[in-house]
Amino acid sequence: MSAYAPAPAPVSYIYRDDHLILIDKPSGLLSVPGRGEDKADCAIARVQAEFPDALTVHRLDMATSGLLLMARSKDMQRALSGLFERGEVEKAYLADVWGTPAPASGEINFPLITDWPNRPLQKVDHEIGKPSRTQYETLSIQNRNARLKLTPLTGRSHQLRVHLAAIGHPILGDEFYAAGEALAARPRLALHATRLAFTHPSTGIRMEFEAPCPF
């Protein structure tokens, strides 16, 4: 794993109101601080520099870009966290993967658990892993690679990355779960959180957001 060098690209604000903030996080930026002063620069810290009341609701992997939601009060943090826990937030990701999955669409259902000797890696474990489900759909094929739409039905750490690697189609540029040509194919992890949709806890209005894929 390479040393942390925070992405110089600024966070892009997609939406904000008195209750919540939605940003487009660049790849290479932590969602929350890591251990040590060298990992203090992160998405929540950058947002809090402008909006001190911002609070974390969920996370994206450092290497993943895309939509990241934050709350602006403890009550809203609890309400939004509840939406995620109950599966009431629609999420979609785009990923470029090695090879072309067959069938072209389907569901990956492999239980996952932390690979403790190799943290932060995760692994498939059919005995004690936690149930983990990912739907995928092939959107396009170019040369030896495919672009997929991914819908996580559960929210395990590294779920999308481990699931795709487990079926033989690792995400391009994944320094944890890809190797050889699949790793070298992209300068960054080709995974982007492109869509979030949920009912605003305060207003009751249905909110739908998309962030264009940067790769």
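Anything mentioned here points back to the structure above.
Predicted model, so just to flag it, every value in this text is computed and none were measured. (Residues numbered from 1 in each chain as written. Predicted model: local features only at pLDDT ≥ 70, side-chain atom pairs only at ≥ 80, totals over all residues. Heavy atoms only, no water.)

Undergrad: Which parts of the structure should I look at to understand unusual backbone geometry?
TA: In most cases, non-glycine residues show a negative phi, while peptide bonds are predominantly trans. The peptide bond linking A102 to P103 adopts the cis configuration, its omega dihedral lying at 5°. For P103, the location among the structural elements is in the loop between β5 (90-98) and β6 (105-109). R119 connects to P120 through a cis peptide bond whose omega is 10°. Take P120: it is sitting in the loop between β7 (112-114) and β8 (122-124). Here the phi dihedral of N143 falls at roughly 55°; this positive angle occurs in a residue that is not glycine. Mapped onto the elements, N143 comes out in the loop between β9 (133-142) and β10 (145-152). Of note in the backbone geometry, H158 takes a positive phi value of approximately 60° without being a glycine. H158 sits in the buried class, given a relative accessible area of 9%. (Helix = DSSP H or I, 4+ residues; strand = E, 2+ residues; numbered from the N terminus. Buried < 20%, exposed > 50% of the residue type's maximum accessible area, 1.4 Å probe, protein only.)

Undergrad: Could you clarify how one ought to interpret helix α3 (residues 159-166) in this entry?
TA: Note on helix geometry: an α-helix contains 3.6 residues per turn, so any two residues three or four positions apart are oriented the same way. Here α3 lies mainly inside the structure; 6 of its 8 residues are buried. Within α3, the full set of buried residues consists of Q159, L160, R161, V162, H163 and L164. Of the residues flanking the end of α3, it is G168, one or two places downstream, whose phi is positive at about 85°.

Undergrad: What am I meant to see in the nonpolar core here?
TA: Nonpolar side chains tend toward joint burial in soluble globular proteins. I23, V47, M70, L150, I171 and L191 are the most contacted members of the largest nonpolar core, which totals 36 residues. Beyond its immediate chain neighbours, meaning those up to four positions away, I171 contacts A95, D96, V97, L160, R161, L164, A178, L189, A190 and L191. L22, A71, M76 and V89 belong to the second largest nonpolar core, which has 16 residues in total. (Core = buried A, V, L, I, M, F, W, Y, C linked by side-chain atoms within 4.5 Å. Contact = heavy atoms within 4.5 Å.)

Undergrad: How should I be thinking about the pairing of strand β4 (residues 65-71) in this particular structure?
TA: Within a regular strand, side chains alternate between the sheet's two faces. Burial analysis of β4 places 7 of its 7 residues in the buried class, the great majority of the element. The pairing of strand β3 (residues 55-56) with β4 spans 2 bridges and is classified as antiparallel. Each bridged residue has a counterpart across the sheet, and for L55 the counterpart in β4 is A71. The pairing of β4 with strand β11 (residues 191-199) spans 2 bridges and is classified as parallel. Note on β11: the bridge partner recorded for G66 is A193. (Pairing = 2+ DSSP bridges.)

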